[in-house]
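Spelled out from the first residue to the last, the chains are:
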Amino acid sequence: MSTPTLLVLFGSQTGTAQDTAQRIGRQAQRRKMKVQVLPLDGYNVANLISESLVVFVCSTTGQGDPPDNMKNFWRFVFRKSLPAGSLSRLDCAVLGLGDSSYPKFNFVAKKLHKRLLQLGASALLPAGLADDQHDLGSDAVIDPWLGSFWVKVFAVYPSLSDVTPLREDEPLPPSYTFHFLDDVNEKTEDRLQSPDVPSQSRPFPCRLVSNRRVTAESHFQEVRLIEFDITGSNIEFTAGDVVMMHPHNSPEDVELFCQMLRLNPEDRFTIRAADNTAVPARLPQPCSVRHLMETYLDIAAVPRRSFFELLSTFSTNELEREKLQEFSSAAGQDDLHGYCNRLRRTALEVLSDFPHTTAELKADYLLDLFPEIQPRSFSIASSLQAHPNRLQILVAVVRYKTKMHKPRTGLCSTWLASLDPEQGETFVPLWVKKGTMKFPKDADTPVIMVGPGTGVAPFMSAVQERSAEGKHGNVLFFGCRSKSKDFYFRSEWEEMTKAGHLTLFTAFSRDQEDKVYVQHRVRGNAQLLWNLIANQNACFYIAGNAKQMPNSVCDALKEVFQQEGGVSSEDAERMLEVMERTGRFQSETWS
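Residues numbered from 1 in each chain as written. Predicted model: local features only at pLDDT ≥ 70, side-chain atom pairs only at ≥ 80, totals over all residues. Heavy atoms only, no water.

Engineer: Tell me about the nonpolar core, and please be specific about residues and values.
Structural biologist: In this structure, Phe257, Leu292, Leu297, Leu366 and Phe370 are the most contacted members of the largest nonpolar core, which totals 40 residues. Here the element with the most residues in this core is helix H7 (residues 305-314); it accounts for five residues. Here Leu292 is in contact with Phe178, Phe269, Leu283, Cys287, Leu297, Leu366 and Leu367, once residues within four sequence places are set aside. Grouped together as the second largest cluster of nonpolar side chains are 28 residues, Leu225, Ala381, Phe439 and Met449 included. (Core = buried A, V, L, I, M, F, W, Y, C linked by side-chain atoms within 4.5 Å. Buried < 20%, exposed > 50% of the residue type's maximum accessible area, 1.4 Å probe, protein only. Helix = DSSP H or I, 4+ residues; strand = E, 2+ residues; numbered from the N terminus. Contact = heavy atoms within 4.5 Å.)

Below is the structure:
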């Protein structure tokens, strides 16, 4: 049997599945196989019937949804019209990346694996179900799964055993080559033209109107209400939708990075892709070093294992190389977690710890070494019906301490907090995505919303929209620490309550000796909630942090069913399941 071409297809929301897919691609290159690594929606799925060897690497998002860059593939592969044996030539393997703290753990990988078998594909091995909650992270499953995968591939294609693989410490050729330009004034292709409908590849530069702190100065958490002018953008949204943006690295980090690599931020270059890989659509041609560092390379993220693996192949300093090899080995993962993940050490800080290796870094490898900055999403906290041509978001600025000397910060929230429209016009490229929460069209259907903290943002959008449409059956449970410090949208809620458009219940956890949370308020209003749900067909929504809150609210709701409906705990559980299945119970939570 001839040597196969390996196709690695990934569905990735945050870049982790892409990183794993690229790792499999490198392993194939070391075995001197022809390999292609592509996002699922970047591949012509009609060609799948003629492929012989494919690995699918996919994550699961939200409530068991496929990532954005595999949605078209997902729709195609689940078409009922596809013949049962259409993939009978295909040997495949599915690797799922998930998080067992979410109810639909690795749902996408499980469902895809089952569907490929229905279409006649042969699975080389059971689906790998990696779990981010494992002490050693996803690699605890990925490492042994990949070992088994290669054993199976070599069994099916014995000719591969005749090939002498490249050593692990030999550098692979870069995916891109940089060509630096002599003429720094050469015109850059403008990729921020106004598109018909803004999207990830063509966002619309929206003017920042205001950026104000909405928590008391004495409060530990800085939260900001940020407003954009979307005039002329063709951006449309409804309650529950999310706005997306790519954050920027800080000027200090960009400057430090350029110094480390001895690069002039004003220098310009063009890039050419090796093999069949496409040049990243977000990079203009030509591009400045500053633009690459500021808007594209994720230098402030905690680096993945692949970063150390690649660095070790450049290193000629024996001490540094040994340490990098240890961090990229399966046996060294506990040490790597202690050095990197637990402390949230950034890629830039790692480079400072390995100065000899950093000095040997060539620009050609930058796009292999650093992932692209991933877009961030925020629930929209306003309605076009209340604020035409405006879009508002509520942003909690992430800042915390670890054992590292410098506090850790969230890339996007810190960048947004730093933008000041009073210092001159500021534009942020945005696009909007449909959210997972859908609100009822029927004017008589009441909605019950539980949104503690910044989880209340989508509900401000919903209440504004529903009030404008004459839908006044709105019940909101809002929770925060203190009435005087972090009661977001207080005056707006009070006005809506006075107007008869809202029934509001609040839980200020630290304003009295015994802590009071939203779940306590849900329990305390059992009669009202039972009447709304059982007699008026109300829909129930939860938004906010995914730690204990969603489960606590669900438990409180089931207690309401038992207390007021006189049902057993099993029946209460079933009632909630039916509400979820029929779209009457929806949640949008994040960790």
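That was the structure; now back to the text.
Engineer: Can you lay out the environment of Gly147 for me, pointing to particular residues and giving the numbers?
Structural biologist: The topology assignment puts Gly147 in helix H4 (residues 139-156). Among the residues examined, Gly147 registers a relative accessible area of 39% and is labelled partly exposed. The sequence separation of Gly147 and Lys406 amounts to 259 residues, and the corresponding C-alpha distance is 39 Å.

Engineer: Could you give me a rundown of the packing of aromatic side chains, with the residues and numbers involved?
Structural biologist: Summed over all chains, the structure comprises 22 aromatic pairs. With a centroid separation of 6.3 Å and an interplanar angle of 75°, the aromatic rings of Phe308 and Tyr339 are classed as edge-to-face. Of this pair, Phe308 sits in helix H7 while Tyr339 sits in helix H9 (residues 333-341), and the two are 31 residues apart along the sequence. By relative accessible area, which is 13% here, Tyr339 ends up buried. Following the ring pairs from residue to residue traces out a cluster consisting of Phe257, Phe307, Phe308, Phe327, Tyr339 and Phe370. Its guanidinium or amino end placed over the ring of Phe78, Lys111 lies 5.1 Å from that ring's centre, counting from NZ or CZ. (Phe/Tyr/Trp six-rings, centres within 6.5 Å; stacked < 30°, edge-to-face > 60°. Lys NZ or Arg CZ within 6 Å of the ring centre and 35° of its normal.)

Engineer: Let's hear about the sheet that holds strand E17 (residues 427-433): which residues, and what values?
Structural biologist: The antiparallel open sheet is built from six strands, whose spatial order is E13-E10-E17-E8-E9-E14. The open sheet terminates on both sides in strands that have one partner only, identified here as strand E13 (376-379) and strand E14 (390-396). Going across the sheet, the axis of each strand differs from the next one's by a mean of 40°, ignoring polarity. (Pairing = 2+ DSSP bridges. Axes fitted to C-alpha atoms, helices over the stretch in contact; angles between N-to-C directions.)

Engineer: Which residues make up the pattern of salt bridges, and what values go with them?
Structural biologist: Applying the stated criterion across every chain yields a total of 28 salt bridges. Notably, a salt bridge pairs Arg490 with Glu494, separated by 3.2 Å at the nearest N-O pair. Remark: Glu494 and Arg490 occur in helix H15 (residues 490-498); sequence separation between them is four residues, near one turn of the helix. The exposure class assigned to Glu494 is partly exposed, which follows from its relative accessible area of 36%. Among the ionic contacts, a cluster of salt bridges with common partners joins Arg23, Asp139, Asp143 and Arg305. (Salt bridge = Lys/Arg side-chain N within 4 Å of Asp/Glu carboxyl O.)

Engineer: Could you give an account of the sheet that holds strand E11 (residues 268-273), with specific residues and numbers?
Structural biologist: In space, the three strands of this open sheet follow the order E7-E11-E12, with antiparallel pairing throughout. The sheet is open, and its two edges are formed by strand E7 (176-180) and strand E12 (287-288), each paired on a single side.

Engineer: Lay out the pairing of strand E20 (residues 503-508) with the relevant residues and their values.
Structural biologist: Inspection of the sheet shows strand E19 (residues 474-480) paired to E20 by six bridges, in the parallel sense. Opposite Phe477, over in E20, you have Phe505 as the bridge partner. Considered for its hand, the β-α-β crossover made up of E19, H15 and E20 is right-handed. (Right-handed = clockwise from strand over helix to strand, strands pointing away.)

Engineer: Report on unusual backbone geometry, specifying residues and quantitative values.
Structural biologist: Cis geometry is adopted by the peptide bond preceding Pro286, which originates at Gln285 and carries an omega value of -10°. Checked against the element boundaries, Pro286 lands in the loop between E11 and E12. Even without glycine at this site, Arg262 takes up a positive phi of about 50°. Its location among the elements puts Arg262 in the loop between helix H5 (251-260) and E11. Within the chain, Asn389 stands out as a residue other than glycine whose phi angle is a positive 60°. Summarising the element assignment, Asn389 is placed in the loop between E13 and E14. Residue Asn389 is classed as partly exposed on the basis of its relative accessible area of 39%.

Engineer: Could you give an account of the pairing of strand E1 (residues 5-11), naming the residues involved and the relevant values?
Structural biologist: Successive residues of a regular strand alternate their side chains across the two faces of the sheet. Judged by how many residues are buried, E1 sits mostly within the fold: six of seven residues are covered. Here E1 runs beside strand E2 (residues 34-39); their pairing, made up of six bridges, is parallel. Paired with Leu9 across the two strands is Leu38, which belongs to E2. Following the chain from E1 across helix H1 (residues 16-30) to the adjacent parallel E2, one finds a crossover that is right-handed. Looking at chain direction, E1 and strand E3 (residues 53-59) are connected through five bridges and run parallel. By the bridge assignment, Val8 is partnered in E3 with Val55.

Keep in mind that these numbers describe shape and distance, not what the molecule does.
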